[in-house]
Amino acid sequence: MSTSFLKDFVKNGRKIYGAAYNYRNPSGDVKDQIKEPVLFLKAPSDYITEGNPIVIPPGYILMEELELGVIIGKTCKNVNVKDALDCIGGYCIALDMTAVSEWKKAISQKTPWTTSKTFDTSCPVSSFIPKEVIKDPDNVELFCTVNGQPQQDGNTNKLVFSATELISFISRYHTLEPNDMILTGTPPSPGTVKEGDIIEGGIKGGVTIKFFVKSNL
Ligand SMILES: O=C([O-])CC(=O)C(=O)O
Ligand SMILES: [Mg+2]
């Protein structure tokens with residue numbers, strides 16, 4: 001797939017998969033015990049690019065989750081882990097904006113996570129990062145600040161399921177297509193954000209993003 005097509009992954013947006021509980025905590029915890037990736041979906045209409053605000057839906061409390069996004073470059077189905085790198089067309093830095101208020105309700109009521117993960121502006125992204133720029137998706141240093149204060153820090157070498165393992169797993173059940181995106185999971189320790197906050201972050205020494213938070217009330 002040509003890079004120029006993938007460069008427009010937001011405009012051509014397809015499926016957005018998220019991996020949950022996918023970082024090993026330094027101390028190790030229940031997340032280390034998950035046997036298979038835990039997945040959710042976002043809608044392509046959730047994407048926003050820099051210059052557009054993250055809008056808090058009425059009554060929601062949002063948490064920022066800065067993650068490495070993997071952009072699929074070719075159609076793949078039932079791909080082995082060792083062949084999965086070939087399916088990657090590029091990357092992005094993404095915020096998996098999560099409505100913790102709705103997530104807590106879903107957990108306590110044992111209902112789906114849908115409303116906590118997918119809503120307008122819940123997927124702010126950087127521009128397309130060509131595949132060559134990230135030599136090894138399993139060794140990317142991520143950071144995130146809120147109003148200039150350190151909030152998140154982590155290396156993708158701490159993912160429970162690596163980018164290629166996620167691709168292999170998802171492709172057992174779904175045909176992955178060019179411009180699909182996988183949010184690989186958030187490093188510790190995301191926190192809640194409020195109207196007026198500025199979220200910045202990305203790859204240490206590499207691509208960064210900056211988004212403002214706005215309330216629609
Ligand atoms: O928000 C959550 O609980 C799960 C999630 O997306 C992550 O761990 O990246
Ligand atoms: Mg996440």
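In the nomenclature of an unreviewed UniProt entry, the chain corresponds to oxaloacetate tautomerase from the organism Pyrocoelia pectoralis. The heading Catalytic activity (unreviewed entry) in the UniProt record of the chain holds the text "oxaloacetate = enol-oxaloacetate".

### A word on the overall build of the chain
Along the chain, the regular secondary structure elements total 4 helices and 16 strands. On C-alpha atoms alone, the chain measures out to a radius of gyration of 16 Å, which is about the 17 Å that the 2.2 N^0.38 rule sets for 217 residues. With the C-alpha coordinates aligned to their principal axes, the bounding extent of the chain is approximately 45 × 40 × 30 Å. A total of 217 residues make up the chain; the buried ones form 50% of that total. With an accessible surface of roughly 10000 Å², the chain has 54% of that area assigned to carbon and sulfur atoms.

### What to know about the packing of aromatic side chains
The geometry of an aromatic ring pair is captured by the separation of the ring centres together with the interplanar angle, meaning the angle of the planes. Summed over all chains, the structure comprises 6 aromatic pairs. When the ring of Tyr-60 is compared with that of Phe-119, the centres are 5.8 Å apart and the planes differ by 90 degrees; the resulting orientation is edge-to-face. Of this pair, Tyr-60 sits in the loop between β4 (54–56) and β5 (62–63) while Phe-119 sits in the loop between α3 (114–117) and β9 (123–125), placing them 59 residues apart in sequence. Under the relative-accessibility criterion, Phe-119 is labelled buried at 8%.

### Notes on the environment of Ile-71
Within the element layout of this structure, Ile-71 appears in strand β6 (residues 66–72). In this structure the C-alpha to C-alpha distance between Ile-71 and Thr-186, which are 115 residues apart in sequence, comes to 17 Å.

### Comments concerning the pattern of salt bridges
Applying the stated criterion to the full structure yields 13 salt bridges. For Asp-96, the salt bridge is made with Lys-117, and the minimal N-O distance between the two is 2.9 Å. Of this pair, Asp-96 sits in the loop between β7 (88–95) and β8 (98–99) while Lys-117 sits in helix α3; the two residues are 21 residues apart in sequence, bridging distant segments of the chain. With a relative accessible area of 0%, Asp-96 lands in the buried category. Take Lys-117: its relative accessible area is 4%, and that puts it in the buried class. The structure contains a network of salt bridges with shared partners spanning Arg-14, Lys-15, Glu-177 and Asp-180.

### A short note on the coordination of the magnesium ion (ligand 2)
Listed as protein donors to the magnesium ion (ligand 2) are Glu-65 (OE), Glu-67 (OE) and Asp-96 (OD); their distances from the metal cover 2.0 Å. Look at where the donors of the magnesium ion (ligand 2) fall in the sequence and you get E-x1-E-x28-D. Separated by 29 residues along the polypeptide, Glu-67 in strand β6 and Asp-96 in the loop between β7 and β8 bring together distant segments of the chain. The exposure class of Glu-67 is buried, given its relative accessible area of 1%.

### Thoughts on the site of ligand 1
Around ligand 1, 13 residues are found, and the nearest of them are Glu-65, Glu-67, Asp-96, Lys-117 and Thr-186. Between ligand 1 and Glu-67, the relevant distance is 3.0 Å, taken from an oxygen atom to a side-chain nitrogen or oxygen of the residue. A distance of 2.9 Å separates an oxygen atom of ligand 1 from a polar side-chain atom of Asp-96. Here ligand 1 has 270 Å² of accessible area as a free molecule, and 91% of this is covered by the chains. Among the residues forming the shell around ligand 1, the class breakdown is 6 nonpolar, 3 polar and 4 charged.

### Things to note about the nonpolar core
If you look at the biggest cluster of nonpolar residues, it comprises 44 residues, and the most contacted ones within it are Ile-54 and Ile-167. The set of elements that each furnish at least two residues to this core consists of β1 (16–20), β4, β6, β7, β11 (141–146), α4 (163–173), β15 (198–203) and β16 (208–215). If near-sequence neighbours (up to four positions away) are discounted, Ile-167 is found in contact with Val-70, Ile-72, Cys-76, Val-79, Ala-84, Cys-87, Ile-88, Leu-176 and Ile-182. Of all hydrophobic cores here, the second largest spans 16 residues; its members include Tyr-47, Ala-106, Val-125 and Met-181.

### With respect to the sheet that holds β15
Strand order in this open sheet of 5 strands is β4-β16-β15-β11-β12, and the pairing throughout is mixed. Either end of the sheet is taken by a strand with one partner, and the two such strands are β4 and β12 (149–155). Between one strand and the next, the sheet's axes are offset by a mean angle of 20 degrees, whatever the strand orientation. Of the pairings in the sheet, the one linking β11 to β15 comprises 5 bridges and is antiparallel in character. Residue Val-146 lies in a different strand from β15, and its bridge partner there is Ile-199.

Basis of the calculations
Residues numbered from 1 in each chain as written. Chains lettered and ligands numbered in written order. Predicted model: local features only at pLDDT ≥ 70, side-chain atom pairs only at ≥ 80, totals over all residues. Heavy atoms only, no water. UniProt positions renumbered as here; feature names shortened; annotations may be inferred. Helix = DSSP H or I, 4+ residues; strand = E, 2+ residues; numbered from the N terminus. Rg over C-alpha atoms; globule rule 2.2 N^0.38 Å. Buried < 20%, exposed > 50% of the residue type's maximum accessible area, 1.4 Å probe, protein only. Areas by Shrake-Rupley, 256 points an atom, 1.4 Å probe, with all protein chains shown as cover. Phe/Tyr/Trp six-rings, centres within 6.5 Å; stacked < 30°, edge-to-face > 60°. Salt bridge = Lys/Arg side-chain N within 4 Å of Asp/Glu carboxyl O. Donors = N, O, S within 2.8 Å, 3.2 Å for Na, K, Ca; no water. Near = heavy atom within 4 Å. Polar contact = N/O pair within 3.5 Å; in protein donor to acceptor, adjacent residues only side chain to side chain. Nonpolar A, V, L, I, M, F, W, Y, C, P; charged D, E, K, R; others polar. Core = buried A, V, L, I, M, F, W, Y, C linked by side-chain atoms within 4.5 Å. Contact = heavy atoms within 4.5 Å. Pairing = 2+ DSSP bridges. Axes fitted to C-alpha atoms, helices over the stretch in contact; angles between N-to-C directions.

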